[in-house]
Each structure stands twice: as C-alpha cells, then as structure tokens.
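Here are the chains, one letter per residue:
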Amino acid sequence: MALSDRPAERHLQVAGLFTARVRGTRSWDAPSPVAGWTARDVVRHLTEWLPGFLASGVGLELPHGPSVDEDPIAAWQVQCDGVQAVLDDPETAHRELTNPHIGALPLATAIDRSYTADVFMHTWDLSRATGQDDRLDQDFCAQLLGGMEQMEEALRASGQYGTRVEVPADADPQTRLLGFIGRDPSWPGR
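Cut-off values and rules
Residues numbered from 1 in each chain as written. Predicted model: local features only at pLDDT ≥ 70, side-chain atom pairs only at ≥ 80, totals over all residues. Heavy atoms only, no water. Core = buried A, V, L, I, M, F, W, Y, C linked by side-chain atoms within 4.5 Å. Buried < 20%, exposed > 50% of the residue type's maximum accessible area, 1.4 Å probe, protein only. Helix = DSSP H or I, 4+ residues; strand = E, 2+ residues; numbered from the N terminus. Contact = heavy atoms within 4.5 Å. Salt bridge = Lys/Arg side-chain N within 4 Å of Asp/Glu carboxyl O.

**A word on the nonpolar core**
- In terms of nonpolar packing, the biggest core is built from 48 residues, with Phe18, Leu54, Trp76, Phe120 and Leu177 touching the most fellow members.
- For this core, the secondary-structure elements that each account for two or more residues are helix 1 (7-23), helix 2 (39-58), helix 3 (72-88), helix 4 (107-129), helix 5 (138-149) and helix 7 (173-180).
- Looking at this core element by element, the count peaks at 11 residues for helix 4.
- Every residue in contact with Phe120, bar those within four places of it in the chain, is listed here: Leu3, Val14, Leu136, Asp137, Phe140, Cys141, Leu144 and Leu177.

**Remarks on the pattern of salt bridges**
- Enumeration according to the criterion identifies eight salt bridges in this entry.
- Of the charged contacts in the structure, one is a salt bridge between Asp125 and Arg183, with a shortest N-O distance of 2.7 Å. Taken together, the positions of Asp125 in helix 4 and Arg183 in the segment after helix 7 put the pair 58 residues apart, joining distant regions of the chain. Across the pair, Arg183 and Asp125 agree in class, each one buried.
- The salt bridge involving Asp134 is made with Arg128; its shortest N-O contact spans 2.6 Å. Like Arg128, Asp134 is buried.
- Look at the salt bridges and you will find they share partners, linking Asp41, Arg44 and Asp69 into a network.

Next up, the structure:
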C-alpha cells in the first residue's frame, strides 16, 4: 500500500502498522536490532521523546497513558491516538513548532518529519525483534533515505543514528535505509 503524502493520513497508516506490531508482540523482553534495547524499549523510545518535543516546541501536551513498563500496548495506544487527534484537528494547520535543531515548521510537518518517520523506521526494529513481518513501504524508504543522505553529517553528529552498515549498492530501498540508520538488515531477530 502506498503511503499518503498528507501528514495526518500518513501517520494513520504508519502508526496503524506499528500498532499491529505492538499488538502482535508476545515477548516484551526480546532483544531488538538497536543495541541494548528490547522490544519494550522500542515502544518506550517512541512514547518518551515526543511529549517533550511538542511541549517545548509548541506548548502542546499529549494525553498521558500508563508507563511502558506497566502496559506497553496501552502506553503506545494513548500516544498514538493523541497524536492522531492533533493531526486531525483543523487548528493544527495554523500552529507552528519551533525547535533549535530544525527551526520553525508547521506543526503537522514537524510531526511528520520527526515523529512519523521515526515510528516508520522503528517498525522494522519491533517487527524484527518479535518475529513479525518486517517489510516496509519501499517508496517511503527511498524518500526518507534521499532526504537523510542530504544531511548525513548532521544526523551522524546528533548521535541519533548508528554507524552506517554497508549494504550492496543495488540493494532495495528498505535495505539501504536500514544500513544508513545503522541497522544490520540481516540481524537475525528471534
């Protein structure tokens, strides 16, 4: 399925796939492709950084759910629903997020570029950690990779991405994206 280029619709699609993987997780302690992280830590990462990003950048507070330690499924669902409500709100079109690293952007664009893209990439991590289907939308993989390659130096300096894993030059977009963000596309999983 091709992903929408509209932030609210793309979040609905990307978060929907991640939600399916969350609900399909049987072992929250399974190791993930991110060194030192478990499946639970993948969800923890996604539910912990966004609230501060939105609060400091636009003064927006998302609904609070249980902790990931208490209930990772509910923690994810509360945040997922909260983000979707923000993106579906007509007032969002008139709001701007300001951040020292990315500047000022329309709120929906900031969520799409920073958060939805992160959920998309971490879908592979959770899928691989838990033995679920880890295929991602190839067109969006290529789009993300194209944008990220243009600012590779800044991304590497941020510490947010691991060392690039070399993959064959003719690899598919998903494999190239995973290698770019520091994942071993052949990580064995469970």
